[in-house]
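# Chains, contacts and geometry: an overview
Residues per chain are reported as follows:
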Amino acid sequence: MEALYATTTGLLAACGVYLTLRGRTFPVVVGLTLLSYSVNLFLFSMGGLAMHGNPAVVGAGTPAADPLPQALVLTAIVIGFAMTAFVVILAMRARGDLGSDHVNGNRLDVSREDGK
Amino acid sequence: MTLLLIVLLPLLGALVPLMARNLPRGRLAWLTAVAPAIALGIAVFHLGDVFAGQTPQFHLPWISELGLDLALRFDGLSALFVLLILGIGLLIILYSRYYLSGEDSLARLYSFLMLFMTAMIGIVMADNLLLMWVFWELTSLTSFLLIGYWYQLSEARKGARMALTVTGAGGLALLAGILVIGHIVGSYQFDDVLAAADQIRSSELYPVVLVLVLLGAFTKSAQFPFQFWLPHAMSAPTPVSAFLHSATMVKAGVFLLARMHPILSGTDLWFYIVSFTGLATLLYGAWFALMKQDLKGVLAFSTISHLGLITLLFGFNSQMAAVAGLLHIINHATFKASLFMAAGIVDHECGTRDIRKLNGLYRYMPHTTILAMVASASMAGVPLLNGFLSKEMFFAESLDAQLLGGLSWLIPALATLGGILSVAYSLRFIHDVFFNGEPKDLPKTPHEPPRYMKLPIEILVLICLLVGILPSLVIKDLLVSASASVLAGPVPEFSLAIWHGFNVPLMMSGIALAGGVGVYALRHHLYSFQRQFRARNALLVFEANIQRLVNLAERSMDSFENGSLQRYMLWLLLTALLFVGIGLLAVPQLSGEFEQQPFDAMLLTGAVITGLAGLGTAITHRKRIVSLLMLSVVGLMTSLAFARFAAPDLALTQLAVEVVTMILLMLALFFLPQRTPKESSARRIMRDVLLASAFGVVIASLNFAILTRPVESISDFFMANAVSGGGGHNVVNVILVDFRGFDTLGEITVLGIAGLAIFKLLNRLRLFMPSSDLDGRSWSPDRHPMILATVSQTLLPLALLVSVYIFLRGHNEPGGGFIAGLVTAVAIILLYIARGVDWTQRWLRFPYQPVAAAGVLIAGLTGAGSWMFGYPFLTSSFGHFTIPVIGEIELATALLFDLGVYLTVVGATLMILANLGKLTTPHRPTKEKS
């Protein structure tokens, strides 16, 4: 089971990294989101995976899941959303002001409108 | 305390000319002279103590932790230099008043001069090596201002920059040297360092210290091969040159040699480095002084030469040589300052400094000619003048240098050669300029300068004569006390007499005088010899080198920072891979001691769906909407994974965030290109796939390695103390609002800031609005479907109720401010989608920014509230209450904190989405507009 979990995390990370290496803003944003899923899963698993565990609530029975990674990941999810939002709006702004959604340093190229 | 005044008075004096800038020039000069004159008075007042062998000291703690104190000393060496700096400085003030033309700001020059004077006095009086270094760098900075005084001239700017670069770089080397000394000794106080001199000399770091300190001294004193900045510093006004290149600036370098003499000298290494540098500089400077056609150029190179002589003397490692070096410092300062001022008068009255044009000035300015002749004769080492004394001592010492073994005779021979050249260029300064025919097409008709312009030269020439004729009477006390500080012990007996009988040094002097006349007579042959060499302008070489350095820096910067995010990502990923990879290589075996848990079909299915969706996101990325839908699948599966592994809080949060994220990305996609054109080359795709795979493999391996090993978690503490310490059963929530409340406060602040930043980014955004979808179909006219509108409106109160429930129970059961906030936000966003921005804003007429701000404020104030009861920030307290229906809850301060979290999440999320959504409205007419 651990191997399965780790493989999934790694696969998501790989897909995320591939997308962040693209030359346009939107794939990069999608890639970052994907990467953050992977990282959240990774961090979440740091306390061990409780296959038959109970929620980290006092009195809910043992074994209980590790609450600390959960607390960290919970805020990470919210912050991740804020950062995704910021980056994607930045991308919009960049396109509005520069007329291009490139992030490969190729600023002169005015983007071909809407993939026609 | 009076010692501090010597340093502070010139500093305060720098303000005087600025405040008196509108006074007549004469009055301005007198006012400016007041402060240094008082300082000089104080210095003279202390002379008695110094001659009696005492060392007045002053100590004021400053940054004692770093070993840097405001510590001053006034020993013989300091006294000698302070007298030179202030005395010649005062003369320069008088001289500048006549030299500077009406268009130039005299006040500015005076102000810079006084600052420079402060820095110089600081160097020579500092009793702490670090303090000395601070003043050392101050001289570099202030000399930059002085050399670049005529900043409208490109030459002046470049000359100033070169001087600053060279001496500043040397200063950094000196700092390094001083720090190493501090490392060896454990103190920067001069007395401590002096006491540890043997320790420094026997330390294995001694060569490092020596080279670093000497780099500082040699750059400042324009020693070969750093001499090139000095001639270009001649683009300064002549009074500045007279000051910088006689008594100060370049003398700071030899001062450092003298100061460090008792600490660093006495070794073979010192002898070889210092004396050879000095010898090379002596000859180099003397040769080029003879070759230059510019009056100030001659003086510049002769300065280099004489500094080489002083350096050579300090390099001899002999007590008498050090005494001779000190004597020559005094003598050189007096005759060189007067020569510079004389050259300034010639320049001022004739309008040129070109020796080829200047001839026969004796007839026009006989008085100046006589003054210049005496000063020149002193420079040449003619008997009855002070230059003779030190030159004689120099020759005597050169005979005693034995370290070269069988080749030791070379040193006196080369010293005599230096003497010959020195006589030749001194002769040239007199004969070629003031005699030898008639002036050739001068811009002005020369005449004697104003009376008081000559006064400073007269005073200096008088000193030259007095020292030369009555040395024991005039200078012995000062020289002995200065020598005592340089030698840090008894001073050898010496006699300062003009006549020592017929001996070898006298013979060498005779050879130098006769040979000098001979060389001067043959000078035209030497000129034509020198013309065969291509003249290189050090300024151009320096500028070109600097430019090359800048280009190199720019190129290397550009290769990293080329504006391509892909490039940055590449470097980042490679670095991450490298470090994690190294870590993994060190692990003997990937799987740990734990047996793997078995997985069931459901888990397998989930993993496969997640993996496929992730792959799909990457593969279909060019069709952006498809990719986005794939991404949402991954998000939902992540949420399910959290639920499966007993993390209901996370699952709820992820679910809510997933909804919000998807709406956000869809909205953003509306304004961005719908498709990504094919751009990456096959090779690039290959590279990225490999890189991504490597990254995935590393992450997976790392994750697996950790999962199969036992963890030592600190969570047991949280589990054990959640109820007693935080008053809640849901440990995740207690951690968030209590144990790690400070983190959460930071995080909601970030959330609020992100919301605000987005709000500002959306301000006056120019948008590309597609008029149709991908396949050219126009947008649906039915923007707000009836069913959705009705349902969402009905749903809102329910959703709000649920969020209140989730919020209140959050402390004990899965839930809490984050999740409740997200649920509320989602419900309101649904209303936006269903009814449009206009309608919603009419009903929900509150701005979101204050909500978010209030959230952060409430959370912050809750934390601060515990201060009122004498507890640390964010200490929570709680009590139990029973509320009908919901049951028993704790009303903890943590709940108030969670309310802050709730409001921030609602405010920030809506700030982001509602503002983005609003962009769609003004551009398109809404259907329900009625």
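Residues numbered from 1 in each chain as written. Chains lettered and ligands numbered in written order. Predicted model: local features only at pLDDT ≥ 70, side-chain atom pairs only at ≥ 80, totals over all residues. Heavy atoms only, no water.

## Topic: the layout of surface pockets
All names here are of chain B. Empty space within the largest pocket amounts to approximately 1,100 Å³. Taken together, 31 residues make up the lining of the largest pocket; nearest its centre are Lys 292, Phe 301, Arg 536, Asn 537 and Ala 538. Contributions of two or more residues to the lining of the largest pocket are made by α11 (229–232), α14 (268–291), α15 (295–315), α23 (523–531) and α24 (538–560). Here the element with the most residues in the lining of the largest pocket is α24; it accounts for four residues. Classifying every residue of the lining of the largest pocket by side-chain character gives 16 nonpolar, eight polar and seven charged. (1 Å grid on protein atoms, 1.4 Å probe; cavity = no way out; pocket = protein on both sides within 12 Å on 5 of 7 lines; lining within 4 Å. Points joined across faces, edges and corners; volume = space filled by probe spheres on them. Helix = DSSP H or I, 4+ residues; strand = E, 2+ residues; numbered from the N terminus. Nonpolar A, V, L, I, M, F, W, Y, C, P; charged D, E, K, R; others polar.)

## Considering the interface of chain A and chain B
In this complex, chain A contributes 88 residues to the contact, which on the side of chain B involves 112 residues. Interface area for chain A against chain B, summed over the two sides, is near 8,900 Å², with a carbon-plus-sulfur share of 75%. On the chain A side of the interface with chain B, the three residues burying the most area are Leu 21, Phe 26 and Phe 81 of chain A, jointly 8% of the side's total. Counting across the chain A and chain B interface gives two salt bridges. Where Asp 101 of chain A meets Arg 624 of chain B, a salt bridge forms, and the shortest distance between an N and an O atom there is 3.1 Å. At the junction of chain A and chain B, the tally comes to 20 residue pairs in polar contact (both at pLDDT 80 or more). Contributing elements (two or more residues each) for the side of chain A that touches chain B: α1 (2–20), α2 (25–44) and α3 (67–98) of chain A. When residues in the side of chain A that touches chain B are grouped by element, the largest group, 24 residues, is from α3 of chain A. (Contact = heavy atoms within 4.5 Å. Buried area = accessible area lost by both parts, 1.4 Å probe. Salt bridge = Lys/Arg side-chain N within 4 Å of Asp/Glu carboxyl O. Polar contact = N/O pair within 3.5 Å; in protein donor to acceptor, adjacent residues only side chain to side chain.)

## Quick notes on the nonpolar core
Within the largest apolar cluster, 198 residues are counted, with the highest numbers of intra-cluster contacts made by Ile 6, Met 125, Trp 229 and Leu 264 of chain B. Considering every element that reaches this core, the biggest residue donor is helix α16 (residues 319–350) of chain B, with 19 residues. Discounting residues that sit within four places of it in the chain, Met 125 of chain B has contacts with Leu 3, Ile 6, Val 7, Ala 71, Leu 72, Arg 73, Phe 74, Ser 78 and Val 82 of chain B. If you look at the next biggest cluster of nonpolar residues, it comprises 120 residues, including Ala 82 of chain A together with Leu 761, Ala 859 and Ala 894 of chain B. (Core = buried A, V, L, I, M, F, W, Y, C linked by side-chain atoms within 4.5 Å. Buried < 20%, exposed > 50% of the residue type's maximum accessible area, 1.4 Å probe, protein only.)

## What about empty space enclosed by the protein?
With the rule as written, the count across this model stands at six cavities of 30 Å³ or more. Size it by volume and the largest cavity reaches roughly 90 Å³. For the largest cavity, the lining is made up of 13 residues, of which Ser 36, Tyr 37, Ile 77 and Phe 81 of chain A together with Val 657 of chain B are closest to its centre. Among the secondary structure elements, those contributing two or more residues to the lining of the largest cavity are α2 and α3 of chain A together with α28 (648–671) of chain B. It is α3 of chain A that contributes the most residues to the lining of the largest cavity, five residues altogether. A volume near 60 Å³ is recorded for the second largest cavity. Lining the second largest cavity we find Phe 388, Leu 389, Glu 392, Met 393, Ser 495, Leu 496, Ala 497, Ile 498 and His 500 of chain B. Counted by class, the lining of the second largest cavity contains six nonpolar, two polar and one charged residues.

## Structural notes on the UniProt feature "transmembrane region" (unreviewed entry) in chain A
Residue and element names in this part refer to chain A. UniProt tags residues 6–21, 28–51 and 71–92 as "transmembrane region" (unreviewed entry). End C-alpha to end C-alpha, residues 6–21 measures 23 Å, and it is 94% helix and 0% strand. A distance of 32 Å separates the end C-alpha atoms of residues 71–92, which is 100% helix and 0% strand. (UniProt positions renumbered as here; feature names shortened; annotations may be inferred.)

## Notes on the environment of Asp 738 of chain B
Mapped onto the secondary structure, Asp 738 of chain B falls in helix α31 (residues 731–739). Distance from Asp 738 of chain B to Gly 728 of chain B, taken between C-alpha atoms, is 9.6 Å for residues 10 residues apart in sequence.

## Some thoughts on the pattern of salt bridges
Oppositely charged side chains can pair when the atoms bearing their charge come close. Tallied over the full model, the rule gives 20 salt bridges over all chains. Across the pair Arg 22 of chain A and Asp 688 of chain B runs a salt bridge whose closest N-O atoms are separated by 2.1 Å. Residue Arg 22 of chain A is found in the loop between α1 and α2, and its partner Asp 688 of chain B is found in helix α29 (residues 682–707); the two belong to separate chains. For the pair Arg 22 of chain A and Asp 688 of chain B, one class covers both residues: buried. Through salt bridges with shared partners, one network takes in Arg 73, Asp 75, Asp 127, Asp 191 and Arg 259 of chain B.

## Focus on the side chain of Asn 331 of chain B
All names here are of chain B. With respect to the helices and strands, the residue Asn 331 is situated in helix α16. Exposure remark for Asn 331: the relative accessible area of 0% places this residue in the buried category. Looking at Asn 331, its side chain comes within polar contact range of the main-chain oxygen of Asn 386, at 3.0 Å.

## Digging into helix α33 (residues 786–809) of chain B
All names here are of chain B. For α33, which comprises 24 residues, the first-to-last C-alpha distance of 35 Å matches the rise-based estimate of 34 Å (1.5 Å per residue) to within 8%. Approximately 35° is the largest bend angle found in α33, and it occurs at Leu 796, with the proline Pro 797 only one to four residues beyond. For α33, every residue scored as buried is listed here: Ala 789, Ser 792, Leu 796, Ala 799, Ser 803, Ile 806, Phe 807 and Leu 808. Buried residues along α33 sit against α34 (817–843) and α36 (893–918). (Expected span 1.5 Å × (residues − 1). Bend = angle between axes of the 7 residues up to and from the residue.)

## Quick word on the packing of aromatic side chains
All names here are of chain B. Inspection of the entire model under this criterion finds 21 aromatic pairs over all chains. An angle of 45° between the planes, with centres 4.9 Å apart, marks the rings of Phe 718 and Phe 739 as tilted. Here Phe 718, found in helix α30 (residues 715–726), pairs with Phe 739, found in helix α31; they are 21 residues apart in sequence, far enough to count as distant. Accessibility expressed as a relative area gives 7% for Phe 718, which makes it buried. A relative accessible area of 23% means that Phe 739 is categorised as partly exposed. (Phe/Tyr/Trp six-rings, centres within 6.5 Å; stacked < 30°, edge-to-face > 60°.)

## Describing unusual backbone geometry
All names here are of chain B. Cis geometry is found at the peptide bond from Phe 224 to Pro 225, where omega equals 5°. Considering the arrangement of structural elements, one finds Pro 225 in the loop between α10 (206–220) and α11. Even without glycine at this site, Met 249 takes up a positive phi of about 25°. Inspection of the secondary structure assignment puts Met 249 in the loop between α12 (238–244) and α13 (250–264). Backbone geometry at Ala 488 places phi at a positive 50°, although glycine is not the residue there. Within the secondary structure, Ala 488 is located in the loop between α21 (471–487) and α22 (504–521).

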